[in-house]
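Residue-level structural notes
The residues making up each chain are set out below.
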Amino acid sequence: MKKTNTFLVVALLLFCGSLAYFQAAKAWGFWAHSRINRLAVFTLPPEMIGFYKKNIEYVTEHAVDPDKRRYASEDEAPRHYIDVDHYGEYPFDMMPRKWEDAVAKYTEDTLQAFGIAPWNMEIVLKRLTKAFENCDEKRILRLSAEMGHYIGDGHVPLHTTENYNGQMTNQKGIHGFWESRLPELYGDNYDYWVGKAKYIANPSDYIWDFILESHVALDTVLLGEAELTKKFPSDQKYSYETRGQTTTKTYSEGFSKAYDNLLGDMVERRMKKAIISVGSFWTTAWINAGQPDLSCLNEAVELAEVDKEEEERLKKAKAEGKQKGRKHDNEGSNLSID
Ligand SMILES: [Zn+2]
């Protein structure tokens, strides 16, 4: 009898442990995206904030849907990045900012191969504007969450380069290190005061500006890590973390702290800029739609009601398969070191 009880207790502990791991894994790499969408709500003008506050859980939880869609569709991955250094050097004047001109110069296949992030953001902005015009509650919510994701990605330096995971400079794993592990470790201490969202008169210029800002930070991101690696005792760069029954290799806290110090407030700065950009894009879509009265939508939409089918489809695709196209390493801060 005693044996059975012990067995039950152990089984229960293991079960809880793996549950905790599952939840942590689900939330971890996605921490920054969720936080950006959530905080963007508080930048909104009075006419919008009520509706978004009521649906704040939706835009928070669905901040990572576009990454899930990578499992379902091959077209998805290139929407999250642009390897702009493939085409030339900063400030990339050789790259036409207009989609049609860029296609004419480089062909659509090439653009798809090296990422279409800036143009995709413009498309989503137009779709969100249309959703506001139609007062289509579900689409407003879904597209707001997705807009937040794509804009968030555009503020990450490693989303603007061919060397997106340090794979060309023997720094594999740096993508998740910068965009997942650092904000997870230190993001609670950031100051998120960003002020109020603004109308963006020229979305294309605005998008290219933040992409170039991201790209300018890239040298510090990559060279800084390489310098630090040289100085850091090699047996202390990584550590092993156990969650539930899984042990994973990750950047040690000592190395993370030293790297974060070296970057100064870079991660915080990019997150803050992303928050105000997301709020400003939501606001711009609403203003371009003629500032519709959102009081018609002032009921919180049940999460389950919003695109239930789409959610099921994404869940199924993720359970079944591998990411299509370029792999994105933000699902955990420790997936891609080896
Ligand atoms: Zn992404």
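You'll find the structure just up there.
Residues numbered from 1 in each chain as written. Predicted model: local features only at pLDDT ≥ 70, side-chain atom pairs only at ≥ 80, totals over all residues.

With respect to unusual backbone geometry
The condition that has to hold: A run of H or I in DSSP becomes a helix once it reaches four residues, and a run of E becomes a strand once it reaches two; helices and strands are each numbered from the N terminus.
For the peptide bond that leads from Tyr 90 to Pro 91, omega is 5°, which places it in the cis range. For Pro 91, the position within the fold is in the loop between α5 (65–68) and α6 (99–106). Even without glycine at this site, Asn 170 takes up a positive phi of about 60°. On the secondary structure map, Asn 170 appears in the loop between α9 (137–154) and α10 (174–186).

Some thoughts on the packing of helix α2 (residues 31–40) against helix α14 (residues 266–288)
Our working definition: Lines fitted to C-alpha atoms define the axes, with helix axes restricted to the stretch in contact, and inter-axis angles between N-to-C directions lie between 0 and 180 degrees. Angles are sorted into four bins: roughly parallel if under 35 degrees, roughly antiparallel if over 145, roughly perpendicular if 65 to 115, and oblique for all others. By convention, the crossing between two helices is left-handed when the near helix turns anticlockwise from the far helix through less than a right angle, and right-handed when the turn is clockwise. We call two residues in contact if the C-beta atoms placed from their backbones are at most 7 Å apart. Three classes are used, and their members are as follows: Ala, Val, Leu, Ile, Met, Phe, Trp, Tyr, Cys and Pro are nonpolar, Asp, Glu, Lys and Arg are charged, and the others, Gly among them, are polar.
Packing of α2 against α14 leaves a shortest axis separation of 8 Å and a crossing angle of 50°. When the axis of α2 is compared with that of α14, the two are oblique. The handedness of the crossing between α2 and α14 comes out as right-handed. Across from Ala 32, Ile 36, Asn 37, Leu 39 and Ala 40 in α2, the residues of α14 making contact are Met 271, Ala 274, Ile 275, Val 278, Gly 279 and Trp 282. Split by residue class, the contact of α2 with α14 holds nine nonpolar, two polar and no charged.

Concerning the nonpolar core
Stated precisely, the cut-off is as follows: What we call a nonpolar core is a set of buried Ala, Val, Leu, Ile, Met, Phe, Trp, Tyr and Cys residues whose membership is set by joining through C-beta atoms within 7 Å. Residue burial is a threshold on neighbouring C-beta atoms within 10 Å of the residue's own C-beta, all placed from the backbone, with 20 or more meaning buried, 12 or fewer meaning exposed, and counts in between meaning partly exposed.
Counting 61 residues, the largest nonpolar core has Ile 36, Leu 128, Met 147, Ile 275, Val 278 and Trp 282 as its most contacted members. Among the elements that make up this core, the one with the highest residue count is α14 (nine residues). The contacts of Ile 275, once residues within four sequence positions are left out, are Ile 36, Leu 39, Ala 40, Thr 43, Tyr 192 and Val 194.

Focus on the environment of Arg 326
Along the chain, Arg 326 turns up in the segment after α15 (308–320). Residues Arg 326 and Ala 77 lie 249 residues apart in sequence; the distance between their C-alpha atoms is 6.1 Å.

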